Amino acid sequence: MCIGGGGQAGLAAAVYAASEGLSTVIVEREAPGGQAGQSASIENYLGFPKGLTGSDLTHRAVAQAIRFGAEMVLARDVIGFQTRGLVHAVLLDGSGEIEARALIVATGVSYRRLEAAGLDELTGRGVYYGVTASEASQCQDDDVFVVGAANSAGQAALNLARFAKRVVLVVRAAKLTDTMSQYLVDRITSAPNIEVRYRSLVSACRGDGHLEALTLTDRDSGVNEELPSSWLFVFIGASPRTEWLGPDVVRDAKGFVVTGQDLLSTDYAQTWPLPRAPFALETSVPGVFAAGDVRLDSMKRVASAVGEGAMSVYLVHRYLATI
């Protein structure tokens with residue numbers, strides 16, 4: 001079995017597949033862990049009441065997968081796949097391929113880019129997508145800005161507030177509760193050094209080799225305000241990495257993979273080729289499954305990604321029993 005992507009869904013699938021005797025290969029174009037692997041604190045993952053870092057969770061999962069015999073192919077990108085009868089050939093960048101009877105797509109998502117004047121030139125120089133523990137510790141006694149309103153932005157704001165003098169959370173909407181878990185909203189609103197700027201956006205950044213100031217625009221009044229800062233962390237959503245799947249694997253308009261019963265809906269009628277119904281996480285290509293953030297209507301949470309990774313292996317066994 002081949003697993004495309006080494007995030008939490010892919011690692012969970014590898015642990016369960018390898019532990020159950022399936023020959024298992026993970027292909028990951030960067031480092032294992034995905035977005036969750038960069039999180040400084042995951043506080044709502046079952047079994048860790050004090051939380052844990054994304055890197056710690058990733059190291060544990062990688063060690064577990066390897067102990068069960070899973071093979072990891074790192075720094076290689078999956079660029080396509082071909083169905084050859086009952087075998088799926090996963091094509092790698094440069095050259096090479098991996099043949100498997102089942103494929104699990106767990107390639108996750110990539111951060112969306114923030115549209116602001118001067119931002120591209122300062123990316124990596126004070127402007128960052130996501131935040132690591134080392135970057136947070138470098139913000140000691142500084143003013144830090146975080147853009148976003150989902151859980152990842154809230155977790156980043158709370159972690160940065162441990163080091164920064166002030167954290168400003170920039171939110172386009174009028175409230176947080178529609179997009180962020182209540183426990184995070186409560187902690188953010190009660191934190192003395194976190195300020196939430198609602199109905200606002202970052203419209204410009206400037207700096208000579210490193211971020212020095214950014215411009216906040218009020219969405220209602222249109223008033224601009226330039227504020228000094230050396231740190232801007234962006235969490236404005238993400239796009240799925242599915243272009244390599246080609247036309248046979250059905251996706252929605254945003255690129256998320258359609259699976260299971262959704263394939264039988266009116267919107268995707270006639271895309272499922274077999275008399276039997278698709279399994280819950282199965283794509284429009286029998287034997288190809290999707291798990292984690294890459295899947296349409298997934299929860300975008302670490303626990304659900306791990307659960308889908310494990311569930312996909314159960315469904316792979318069911319699929320293999322039909323061929």
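Above this text sits the structure in question.
Before going into details, it helps to say that this report is about the structure given with it. (Residues numbered from 1 in each chain as written. Predicted model: local features only at pLDDT ≥ 70, side-chain atom pairs only at ≥ 80, totals over all residues. Heavy atoms only, no water.)

## Structural notes on the overall build of the chain
The helix and strand tally for the chain stands at seven helices and 18 strands. On C-alpha atoms alone, the chain measures out to a radius of gyration of 21 Å, which is about the 20 Å that the 2.2 N^0.38 rule sets for 323 residues. Seen through its C-alpha atoms, the chain measures out along the principal axes to roughly 60 × 45 × 40 Å. Here the chain, with 323 residues, has 52% of them falling under the buried criterion. A separation threshold of at least 6 residues defines the contact pool for the chain, and within that pool the share at least 24 residues apart is 59%. When the accessible area of the chain is evaluated, it comes to approximately 14700 Å², of which 51% is carbon and sulfur surface. (Helix = DSSP H or I, 4+ residues; strand = E, 2+ residues; numbered from the N terminus. Rg over C-alpha atoms; globule rule 2.2 N^0.38 Å. Buried < 20%, exposed > 50% of the residue type's maximum accessible area, 1.4 Å probe, protein only. Contact = heavy atoms within 4.5 Å. Areas by Shrake-Rupley, 256 points an atom, 1.4 Å probe, with all protein chains shown as cover.)

## Some remarks on the environment of Thr283
Tracing the backbone shows Thr283 in the loop between β17 (238-240) and β18 (288-290). By relative accessible area, which is 0% here, Thr283 ends up buried. Once residues lying within four places of it in the same chain are set aside, the contact partners of Thr283 are Val249, Val257, Val258, Thr259, Leu263, Trp272, Val288, Phe289 and Ala290.

## A few points about the nonpolar core
In this structure, Leu160, Val167, Leu169 and Phe233 are the most contacted members of the largest nonpolar core, which totals 29 residues. The set of elements that each furnish at least two residues to this core consists of β10 (143-147), α5 (151-161), β11 (166-170), α6 (182-190), β12 (194-197) and β16 (231-234). For this core, the leading source of residues is α5, giving six residues. Core analysis: the second largest hydrophobic core is formed by 28 residues, Ala13, Ala14, Val15 and Leu281 among them. (Core = buried A, V, L, I, M, F, W, Y, C linked by side-chain atoms within 4.5 Å.)

## Quick word on the state of the cysteines
The full count for this structure, using the stated rule, is zero disulfides. Cysteine Cys139 is unpaired, with the sulfur of Cys205 as its nearest cysteine sulfur at 15 Å. Given the relative accessible area of 8%, Cys205 is considered buried. (Disulfide = S-S within 2.5 Å.)

## Concerning the sheet that holds strand β1 (residues 2-4)
An order of β3-β2-β1-β7-β18 is seen for the five strands of this open sheet, with the pairing classed as parallel. Strands with a single pairing partner mark the edges of an open sheet, and in this sheet they are β3 (71-74) and β18. Across this sheet, the average inter-strand angle for adjacent strands is 20 degrees, counted without regard to direction. One ladder, built from four bridges, connects strand β2 (residues 25-28) with β3; its direction is parallel. Bridged to Val27 within β3 is Val73. (Pairing = 2+ DSSP bridges. Axes fitted to C-alpha atoms, helices over the stretch in contact; angles between N-to-C directions.)

## Remarks on the sheet that holds strand β13 (residues 200-206)
Remark on secondary structure: sheet strands pair via backbone hydrogen bonds, oriented parallel or antiparallel. Read across the open sheet, the three strands follow the order β13-β14-β15; overall the sheet is antiparallel. The sheet is open, and its two borders are formed by β13 and β15 (224-228), each paired with just one other strand. Each adjacent strand pair in this sheet contributes to an overall mean axis angle of 30 degrees, direction not counted.

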